[in-house]
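Here is what each chain is made of, one letter per residue.
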Amino acid sequence: MEVDTQFVKDVMGFGGKTLKKCYQCATCSVICPQSPEENPFPRKEMIWAQWGLKDKLLKDGDIWLCHQCNDCSEYCPRGAKPGEVLSALRAKVIQEYAFPSFLAKILLKPAGILVYFAIPIILTLAYLAVFNPEIPSGEIVIGNFIPHLHIELVGFLVGGWALLVAAIGAFRFWTAINSEVSKVYEYKLEENAEVKVTKASPRFIECLFWSIIDVLKHSRFAECGTSKYRFFAHFMIFWGFIVLGVATFGDIVYLYGLGVEELALPITDPVKILGNLGAALLLVGSGWAIVARFSDERIGYGTYFDWIFLSTIFAIGITGVAIEALRYVGSIAAYYAYLIHLILIFTLIAYAPYSKFAHLVYRTLAYTWAKSTGREPSK
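Residues numbered from 1 in each chain as written. Predicted model: local features only at pLDDT ≥ 70, side-chain atom pairs only at ≥ 80, totals over all residues. Heavy atoms only, no water.

J.: Provide a residue-level description of the pattern of salt bridges, including the pertinent values.
T.: Taken as a whole and judged by the stated rule, the model has twelve salt bridges. In this structure, Asp62 engages Lys44 in a salt bridge whose closest nitrogen and oxygen atoms are separated by 2.6 Å. Of the two residues, Asp62 sits in the loop between α4 (54–58) and α5 (71–75) while Lys44 sits in helix α3 (residues 43–51), which places them 18 residues apart along the sequence. For Asp62, a relative accessible area of 2% translates into the label buried. With a relative accessible area of 12%, Lys44 lands in the buried category. For Lys54, the salt bridge identified is with Glu96, shortest N-O distance 3.4 Å. Of the two residues, Lys54 sits in helix α4 while Glu96 sits in helix α6 (residues 82–97), which places them 42 residues apart along the sequence. Residue Lys54 is classed as partly exposed on the basis of its relative accessible area, which comes to 25%. One network of salt bridges, with partners in common, ties together Asp10, Lys54, Lys92 and Glu96. (Salt bridge = Lys/Arg side-chain N within 4 Å of Asp/Glu carboxyl O. Helix = DSSP H or I, 4+ residues; strand = E, 2+ residues; numbered from the N terminus. Buried < 20%, exposed > 50% of the residue type's maximum accessible area, 1.4 Å probe, protein only.)

Following this line, the structure appears as structure tokens:
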């Protein structure tokens with residue numbers, strides 16, 4: 001075992017500041033609805049984190065089976081808050097596997113907020129300097145300010161970058177957790193005292209399919225007890241993005257399939273209705289999550305890693321609604337709101353592999369790993 005004392009400090013700095021309070025009573029493993037009977041979590045993760053066993057934790061798929069429902073934190077007699085510790089461990093995993101690593105280390109620290117906003121602001125100013133778009137007079141038409149084609153080209157470039165980085169992180173994570181598959185049950189001994197080894201199932205596609213279904217339904221989140229709100233808030237944010245994605249696809253169909261020249265759609269248009277529905281889901285879900293963190297100490301106030309993601313989502317929803325409202329009242333402020341909205345969208349997409357957005361990839365793979373190795377909790 002290689003002990004890494006700096007890793008312990010990092011985990012505590014990422015939100016697991018109560019780590020040292022744990023005295024290994026195992027209440028957390030008993031109470032957790034997601035923990036398997038064999039070699040349960042999060043007790044083992046708590047002691048590994050206290051010992052600074054970085055290598056074991058970075059290869060531990062179990063930390064992604066935790067949904068921070070906070071049942072463990074509610075019943076912990078020492079106030080060690082295992083849910084927050086595992087949340088910190090997940091942030092560390094993202095930091096370790098994301099590419100390039102130096103950018104991940106910058107963005108996941110509070111001081112990194114300067115870089116977080118500086119890059120899109122500088123790029124926006126550069127665009128304005130090169131193309132010098134003017135505020136149109138008359139009716140508010142966003143496409144007359146910045147052409148939709150320019151937005152789409154940048155969107156494809158930034159989205160392609162995010163997908164590449166996410167794929168690298170996913171590959172590193174999947175390789176790591178599967179390198180420990182044969183050790184998952186290292187403490188389970190048969191009567192003849194031989195270690196029982198469990199290998200991953202080759203049914204990757206099947207396991208991945210059902211994992212995606214679990215993610216779409218949020219079926220595991222629904223089992224949360226203490227922080228039941230997390231299921232509803234997370235569900236609305238998740239499906240808000242999906243609905244907005246469908247609406248965006250509808251916009252593309254209008255522009256390039258049906259030959260619509262401008263997307264100044266009436267509020268009764270089906271694509272506009274979908275867009276407004278998605279925005280409403282984002283606003284309500286992220287707003288609920290923000291209020292809950294302030295009002296319920298059992299949930300935990302959260303860390304910079306949580307807040308930068310929630311704040312960005314909420315701000316995107318607000319600016320999106322503001323653009324529409326200002327356009328309907330004929331205010332040129334809609335164009336300025338649009339620039340702010342674009343900067344926020346850039347941060348959300350470009351930094352997705354370094355933010356809590358990456359949970360979507362890592363947790364889906366962890367579900368797949370759990371189904372493949374029999375790590376799912378017994379019903």
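What follows continues from the structure just given.
J.: I'd like a rundown of helix α13 (residues 304–329), residues and numbers included.
T.: End to end, α13 covers 36 Å across 26 residues, agreeing with the expected 38 Å (1.5 Å per residue, within 8%). Looking one or two residues beyond α13, the residue adopting positive phi is Gly330, at roughly 80°. (Expected span 1.5 Å × (residues − 1).)

J.: Tell me about unusual backbone geometry, residues and numbers included.
T.: Cis rather than trans, the peptide bond between Phe41 and Pro42 has omega equal to 5°. Considering the arrangement of structural elements, one finds Pro42 in the loop between α2 (27–31) and α3. In this structure, Ala26 takes a positive phi of about 75° despite not being glycine. Since its relative accessible area comes to 15%, Ala26 is described here as buried. Positive phi, close to 50°, is recorded for Lys81, a residue that is not glycine. Residue placement: Lys81 occurs in the loop between α5 and α6. The exposure class of Lys81 is partly exposed, given its relative accessible area of 28%.

J.: For the domain arrangement of the chain, give the residues involved together with the corresponding values.
T.: As assigned here, the chain comprises domain 1 (5–98) and domain 2 (101–178 + 202–366). The C-alpha-based centres of domain 1 and domain 2 are spaced at 28 Å. The partner domain 2 presents 32 residues to the 28 residues of domain 1 that form the contact. Roughly 2700 Å² of surface becomes buried between domain 1 and domain 2 when both sides are summed, with 57% attributable to carbon and sulfur atoms. In terms of surface lost to domain 2, no three residues of domain 1 exceed Trp64, His67 and Tyr97, which account for 25% of the buried area on that side. On inspection of domain 1 and its partner domain 2, the count reaches seven residue pairs in polar contact (both at pLDDT 80 or more). (Domains from an automatic or database assignment. Contact = heavy atoms within 4.5 Å. Buried area = accessible area lost by both parts, 1.4 Å probe. Polar contact = N/O pair within 3.5 Å; in protein donor to acceptor, adjacent residues only side chain to side chain.)

J.: Give a description of the packing of aromatic side chains that names residues and reports values.
T.: Counted according to the given criterion, the structure contains 19 aromatic pairs. Aromatic side chains Phe173 and Tyr362 sit 5.0 Å apart centroid to centroid with 65° between the ring planes, which places their arrangement in the edge-to-face category. Here Tyr362 lies in helix α15 (residues 359–373) and Phe173 lies in helix α9 (residues 148–178), a separation of 189 residues in the sequence. In this pair, the class of Phe173 matches that of Tyr362, namely buried. Aromatic pair Phe231 and Phe232: ring centres 5.0 Å apart, planes at 70°, arrangement edge-to-face. Exposure remark for Phe231: the relative accessible area of 15% places this residue in the buried category. Among the aromatic residues, those joined into a cluster by ring pairs are Phe231, Phe232, Phe235, Phe238, Trp239 and Trp288. For the cation-ring pair, Lys56 lies above Trp48, with the distance from its terminal atom to the ring centre recorded as 4.6 Å. Positioned above the aromatic ring of Tyr367 is the side chain of Arg220, whose terminal nitrogen or guanidinium carbon lies 4.2 Å from the ring centre. (Phe/Tyr/Trp six-rings, centres within 6.5 Å; stacked < 30°, edge-to-face > 60°. Lys NZ or Arg CZ within 6 Å of the ring centre and 35° of its normal.)

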